[in-house]
Each structure stands twice: as C-alpha cells, then as structure tokens.
Amino acid sequence: MKKVKILVVGGGPAGLAAAAAARDAGVKSEEILIVERDGELGGILNQCIHNGFGLHTFKEELTGPEYAERYVEKVRAAEIPYLLQTIVVDICAGGESGDGRVKYVTVMNKSEGLFTVAAEAVILAMGCRERSRGALNIPGYRPAGIYSAGTAQRYVNIEGRMPGKEVVILGSGDIGLIMARRMTLEGARVKLVAELMPYSGGLKRNIVQCLDDFGIPLKLSHTVVDIDGKERVKGVTVAQVDENRRPVPGTEEYISCDTLLLSCGLIPENELSTGLGVELNPVTSGPVVNESLETNVEGVFACGNVLHVHDLVDYVSEEAESAGRNAAEYVLRKGAGKDGGREQAIVIKASGGVRYTVPSVLRPEHMQEEQVVRFRVGDVYKDAVLAVYFDGTPVMRVNKRVMAPGEMEQVKWKKKKLEEYPDLKEICITVEDK
C-alpha cells in the first residue's frame, strides 16, 4: 500500500493547479500523488489547439496545450509524483480502520496491477464528459457519421482525421461552436448549428468568431427530429420547437449532410464521488461544497469541471488552486476543529433566476479574506440587477447589462462584511428588475 498526504484524481488543468498549490502551501512533493488515466498530463486542453486561454491567469493569449504546459512545468519543477495511464477504481473513507480521515483509493494500471493508496485528503478533479446521443432520444438508425463535438475535435486536432465533409451541429455549446470553425478551416462545409434553447449555450465571443465570421447560420429554438441513413448519415431533419421544447408540426426542414456533431451539454464525472457518498447538487450534477471546496465527506475536495462546468479554464485554475491550498491546510492541521465549524455554517441560497451557487455553504472561520461565489443564471436577462441578501437584508445590488446561461457570473465579498452579521443563517443571491 502506498501512503500519501494528498491524492489528486485527474491530471488535467484542475488537478495540476491543485497539486502545485498544495505543494506551495507546505505539503512535501513526495506526499502528493496525481493519478491520470490518459497517457500524458494536461487533460482535455491537449486537444484544444485554438487560442483564447490564459488571458486572466497569465495576462496573455495561449493555446490549450500551451496553457496546460505552464502547469505541467510547475508540477515537474516541484517534482510532484504522478501516475499516467492509471485508473481510479474506487474511493472509500475509513475502510476497516474505521478512521474516516483516511481515504483508501483503489488504483489500477498495466505495470503495477491493482493496488491501494491511503491518503489523508483527496482532491476530485476528474473533469466532465459530453452528453451522448442516447441521452438525447433522437429517432432514426445508428449510422456512421454521428460524433460528439469533443470526439470530432480529437480526431481532427490529435489524430489528423476528418469526420466528414458536410456537417450539421446540434447544440451551441462552446465546443460545438469552436468545432464549427475548425471543420470549416479544414475544408468541410458546416451547413447549420441548431440550438434547442432560445439562446446559445456558448460564450458570445465564440458565436461571433466561430459562426458569424464564417457565415454559419445559428437557428435557435430548433432541434434535430430525425436522422436519415442506415450505413452512413445522409441527412437530418431539423424542426422548430415551442416554449415546451417540443417540435412544431409543419416546420420540419431536411438538410443533407454526412456528419452530425453533438454539442448538447457536459456532465461532471462523478461516479467515484457517488460511490464515496459525496452529496451532489441536482442542478450541476457536481458535489455540494463549502467555502473550502470541501464536500460533505471530510477531507474530500472538488474543483474544476467535476464540480460545475466552467466557461473559462482560467477560473478552473483559480478554483483548483484554492482547493489545493485548503486540502494542504486540512492535512497539516489534521482536521482539528472541523466538526464545530460545520455546525455554524451559513447556507447560500440560489433564488429567482440564479440556478445554483458554488460554494453553497460558508463557514466564516474558514474563509479567506475575500470570498468568491460563482453561479449561472437560467435565462437571458438584460438591464437587470444582481442582488444579495443577508437574512433578508439587502447588502449588495449590481446592475448587469446582460446575463446569459452560457457565461458564468460571480459575486465577491470581504470576510469582515460577514463579521458584521454574527448570527447570519442564510445568504440569498437572486436576479431582480431594476
């Protein structure tokens, strides 16, 4: 059995940033272990060869591999151990020892087989996966030519293979928008991007740079209702949907194509989390965490897209660094006084147009000097107000010109502000009219 202070599950941008931050916070390099299922560190960024990364973190524009390499270099320079092509099979707290502060992580790879790592803290940084066709209930046969946008991205950018020549994209998530541009640059004809919702799920800049600049049409409130083709996709039928997202009869339009790319949302990879007993938020499908990014299971932290799907990797790194520092603080003080802190927790409530918040619980004694709370809204709001209430008392009102589900929002407040409310029970974040 291997023994470490902190085990990080995932060697993508979140896992790398968390491990480096834990090392900087005082945990020895040899007491940290990163476990990554892929053959190299960097995660999904290795196939994101477009630029636009790092503007917040490094104040310069980088490609995905360049951004990942900055953190890979940090990990290597700190001599933090990592295992590649290694899968985490299971995580349990306590085991036969009965000490819940020890996490027994079952790990498997080709060279060492099945073995166990005992860790005092675990940082979950597994990322997310794409929603598949099976989850979308699109009728038709199962022909070749149907890919998730991320799979197509890997084929083009890593393996040098083109999925097809005439493309329809369902869903306007950021990966789908970026692949519309990428396929066009590689010589394919992208005929249409269809979006079920009345608004795009991607960043505004991606709509402009990936669709508008190339004359690719975006049809909102539209979806694919049928796929034509038995051996290979021959075309798809697109129809308008009503306010209940049901196809409107008579609006069907047939579009010939040989490829359908699906960009219909991302799902945090939380099978390991549920097996461990981590409480999940039904809105994000990620863990419920406190201000330290710690889950309801003591000593288990979460960060990055496994916690909630981010729009910018810069925010992933910032969040992961916080998780790494907090995990380091946890193992260095060995959980002293944690139970009392939990009893004095302040609940953060998402209300009105706010769908969720991360974190959803605050313990003032464990807060940093400034607390960041991130969230997404459930609709497009223009000229609205973002309001924060402490036990019903208004403490913050921010005028927002535009808020949309595709872009993450955040609010910040100082720790000393909370100290003005010693008996505070609930913080409410909501969207209001001006």
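Our subject is the structure that appears above.
With respect to the side chain of Glu-36
- Structurally, the position occupied by Glu-36 is in the loop between strand E2 (32-35) and strand E3 (51-53).
- Arg-37 provides the closest opposite charge to the buried, salt-bridge-free Glu-36, at an N-O distance of 5.2 Å.
- Polar side-chain contacts of Glu-36 include one of 2.6 Å to the backbone nitrogen of Gly-11.
- The residues touching Glu-36, leaving out its near neighbours within four places in the chain, are Gly-10, Gly-11, Gly-12, Leu-41, Leu-83, Leu-84, Gln-85 and Thr-86.

Description of the sheet that holds strand E20 (residues 346-350)
- Taken together, the five strands give an open sheet; going across it, the order is E21-E20-E26-E23-E24, and neighbouring strands pair in mixed fashion. Each edge of the open sheet carries a strand with a single partner, namely strand E21 (361-362) and strand E24 (393-403).
- Bridge count for strand E23 (residues 381-390) against strand E26 (residues 426-433) is seven bridges, and the pairing is antiparallel. Among the inter-strand pairings, Ala-387 is bridged to a residue of E26, identified as Thr-430.

Details of the pattern of salt bridges
- If you walk through the whole model with that rule in mind, you get 19 salt bridges.
- In this structure, the salt-bridge partner of Lys-5 is Glu-120, at a minimum N-O distance of 3.1 Å. Note that Lys-5 is positioned in strand E1 (residues 2-9) and Glu-120 in strand E8 (residues 113-124), a separation of 115 residues in sequence.
- The partly exposed category is assigned to Glu-120, whose relative accessible area is 24%.
- A salt bridge links Lys-414 to Glu-370; the nearest nitrogen and oxygen atoms lie 3.5 Å apart. Of this pair, Lys-414 sits in strand E25 (residues 409-414) while Glu-370 is found in strand E22 (residues 370-375), placing the two residues 44 residues apart along the sequence.

Quick word on helix H2 (residues 64-77)
- In a regular helix each residue adds 1.5 Å, so 14 residues correspond to 20 Å; H2 covers 20 Å between its end C-alpha atoms and thus fits that length.
- Within the sequence span of H2, burial applies to Gly-64, Tyr-67, Ala-68, Tyr-71, Val-72 and Val-75. In a view along the axis of H2, the buried residues occupy a sector of 135°, so they form one face of it.
- Looking at the buried residues of H2, the elements they touch are helix H1 (13-24), E2, E3, strand E4 (62-63), strand E5 (82-83) and helix H7 (313-333).

Concerning the sheet that holds strand E17 (residues 259-262)
- Pairing within the open sheet is parallel, and its five strands lie in the order E10-E17-E11-E12-E13. For this open sheet the edge positions go to strand E10 (146-148) and strand E13 (218-220), each flanked by a neighbour on one side alone. Going across the sheet, the axis of each strand differs from the next one's by a mean of 20°, ignoring polarity.
- In the sheet, strand E11 (residues 166-170) pairs with strand E12 (residues 189-195) via five bridges, with the strands oriented parallel. Paired with Val-167 across the bridge in E12 is Val-190.
- Sitting on the sheet, helix H3 (residues 149-157) is in contact with E10 and E17, with an inclination near 90° to E10.

Some words on the pairing of strand E14 (residues 222-228)
- Note that E14 and strand E15 (residues 235-240) share six bridges and pair antiparallel. Across the sheet, residue Asp-226 finds its bridge partner in E15, namely Thr-237.

Describing unusual backbone geometry
- The omega angle of the peptide bond from Val-358 to Pro-359 is 0°, so this bond is cis rather than trans.
- For Pro-359, the location among the structural elements is in the loop between E20 and E21.
- Phi is positive for Lys-59, close to 60°, though the residue is something other than glycine.
- Its location among the elements puts Lys-59 in the loop between E3 and E4.

Structural notes on the environment of Val-300
- When you line up the elements, Val-300 lands in strand E19 (residues 300-302).
- When the C-alpha atoms of Val-300 and Asp-226 are compared, they prove to be 44 Å apart, with 74 residues separating the residues in sequence.

Rules and cut-offs
- Residues numbered from 1 in each chain as written.
- Predicted model: local features only at pLDDT ≥ 70, side-chain atom pairs only at ≥ 80, totals over all residues.
- Heavy atoms only, no water.
- Helix = DSSP H or I, 4+ residues; strand = E, 2+ residues; numbered from the N terminus.
- Buried < 20%, exposed > 50% of the residue type's maximum accessible area, 1.4 Å probe, protein only.
- Lys, Arg positive; Asp, Glu negative; His and termini not counted.
- Salt bridge = Lys/Arg side-chain N within 4 Å of Asp/Glu carboxyl O.
- Polar contact = N/O pair within 3.5 Å; in protein donor to acceptor, adjacent residues only side chain to side chain.
- Contact = heavy atoms within 4.5 Å.
- Pairing = 2+ DSSP bridges.
- Expected span 1.5 Å × (residues − 1).
- Arc of directions from axis to C-beta.
- Axes fitted to C-alpha atoms, helices over the stretch in contact; angles between N-to-C directions.

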